[in-house]
Amino acid sequence: MGRQLDEQIAGRFPVGQRLRVLDVGMGQGTQALRLARAGHQVTGVEQDPKMIARAREELAGEPEGIRERVRIVQGDGRDTGVHFLPGSFDVVLCHGVLMYIEEPDPLLAGLARMLAPGGLLSLLVRNGDAPAMRPGLSGDWAGALAAFDTTAYRNRLGLDARADRLADLTATLAGIAAPLHAWYGVRVFTDTAADGAEIPADVETLLAVEERAGKTDPYRGVAALLHLCGVRG
Ligand SMILES: C[S@@+](CC[C@H](N)C(=O)[O-])C[C@H]1O[C@@H](n2cnc3c(N)ncnc32)[C@H](O)[C@@H]1O
């Protein structure tokens, strides 16, 4: 994700420009912190106080120059219009959130409104075009068979969630004036790795393979997750 995001940022904005980044559903703040370390001004929105505490803990270990570039707001990502002015961000991230939102269109429209013209909207969603891949590769044949006909699924935490189809989101992004500019697959080969699996010694090669597959047809189309990048017109 980090590499894909950096590729999109490098292709859109001048090197060295301090970007205003909004990270909705920032979780423990992995991307938010990474971007703050890279010199950007980051605002994270998160609804879960436990996640906010984790993000703050991570942030506390950073030098002051980085800490002061991150602002954390507790709230619902659907209410960005309450907290921020339209057009006030260059980059808006919404990673790993849409699967928990039943009606994503109002959230997406709100996120697009936060972007300045030419700004980048980066979404990470569960891939609704290939939901049979995870159960199928895990040998769960009944689960795989059922998955062909639905975009609903139960995630590894046991939560009911929702996948999105590329064509649907492409239409939505066009409708909210942030048309799709690029898309990637994420977790093409590594989706069935156990949670907490040890990081392999050849992780750099693993990442090179995932990065390549994530931007190459037909591999990216069956990835567990889709990374969609829209650009505000
Ligand atoms: C799967 S985690 C992803 C975290 C982070 N974006 C990442 O990619 O590592 C999803 C996060 O979104 C948060 N979230 C879900 N729905 C939200 C909402 N409506 N408003 C704000 N945060 C939300 C959850 O609390 C959780 O921390």
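Residues numbered from 1 in each chain as written. Predicted model: local features only at pLDDT ≥ 70, side-chain atom pairs only at ≥ 80, totals over all residues. Heavy atoms only, no water.

Judged by pairing direction, the sheet is mixed, and its 7 strands sit side by side in the order β3-β2-β1-β4-β5-β9-β8 without closing on themselves. A strand with exactly one partner marks an edge of an open sheet, and here the two such strands are β3 (70-74) and β8 (180-186). With strand direction ignored, the average angle separating the axes of adjacent strands in the sheet is 15°. (Pairing = 2+ DSSP bridges. Helix = DSSP H or I, 4+ residues; strand = E, 2+ residues; numbered from the N terminus. Axes fitted to C-alpha atoms, helices over the stretch in contact; angles between N-to-C directions.)

Next up on the list: the packing of helix α1 (residues 2-12) against helix α2 (residues 30-37). Packed helix pairs are specified by the crossing angle of their axes together with the interaxial distance, meaning the distance between the axes. Where α1 contacts α2, the axes come no closer than 11 Å and their chain directions differ by 45°. With respect to each other, α1 and α2 are oriented oblique. When you trace α1 past α2, the crossing you get is right-handed. Contact with α1, carried on its side by Gly2, Leu5, Asp6 and Ile9, involves Gln31, Arg34 and Leu35 of α2 and no other residues of that element. Among the residues forming the contact of α1 with α2, the class breakdown is 3 nonpolar, 2 polar and 2 charged. (Parallel < 35°, antiparallel > 145°, perpendicular 65-115°, else oblique. Left-handed = near helix turned anticlockwise from the far one by under 90°. Contact = heavy atoms within 4.5 Å. Nonpolar A, V, L, I, M, F, W, Y, C, P; charged D, E, K, R; others polar.)

This part takes up the side chain of Asn127. With respect to the helices and strands, Asn127 occurs in the loop between β5 (115-126) and α7 (133-137). Here the side chain of Asn127 touches Asp129 through a polar contact of 2.8 Å, landing on its backbone nitrogen. A distance of 2.9 Å separates the side chain of Asn127 from the backbone oxygen of Gly221, its partner in a polar contact. Once you skip the residues sitting within four places of it in the chain, Asn127 turns out to touch Ala163, Asp164, Arg220, Gly221, Val222, Ala223, Ala224, Leu225 and Leu226. (Polar contact = N/O pair within 3.5 Å; in protein donor to acceptor, adjacent residues only side chain to side chain.)

Moving on: the site of the ligand. Taken together, 15 residues are adjacent to the ligand, and Gly25, Glu46, Asp76, Gly77 and His95 come closest. The separation between a nitrogen atom of the ligand and a polar side-chain atom of Gln47 is 3.4 Å. Contacts to the ligand include Asp76, whose side-chain N or O atom sits 3.0 Å from a nitrogen atom. (Near = heavy atom within 4 Å.)

Time to look at the packing of aromatic side chains. The geometry of an aromatic ring pair comes down to the distance between the two centres and the angle between the two planes. Applying the stated criterion across every chain yields a total of 2 aromatic pairs. Where Phe84 meets Phe89, the ring centres are 5.4 Å apart and the plane angle is 90°; that geometry is what we call edge-to-face. Exposure remark for Phe89: the relative accessible area of 6% places this residue in the buried category. One Lys or Arg, Arg126, reaches over the ring of Tyr153 and ends 4.5 Å from the middle of that ring. (Phe/Tyr/Trp six-rings, centres within 6.5 Å; stacked < 30°, edge-to-face > 60°. Buried < 20%, exposed > 50% of the residue type's maximum accessible area, 1.4 Å probe, protein only. Lys NZ or Arg CZ within 6 Å of the ring centre and 35° of its normal.)

Counting residues in hydrophobic clusters, the biggest one holds 29 residues, and the most contacted among them are Leu22, Val92, Cys94, Leu111, Leu121, Leu123 and Leu228. Listing elements by their share of this core, those giving two or more residues are β1 (20-24), β4 (89-95), α6 (104-114), β5, α9 (166-175) and β9 (225-231). The element best represented in this core is α6, accounting for 6 residues. With sequence-adjacent residues up to four places away left out, Leu121 is seen in contact with Val92, Leu111, Leu115, Leu173, Ala178, Leu228, Cys229 and Gly230. Counting 24 residues, the second-largest nonpolar core is a separate cluster that includes Phe13, Val21, Ala32 and Val231. (Core = buried A, V, L, I, M, F, W, Y, C linked by side-chain atoms within 4.5 Å.)

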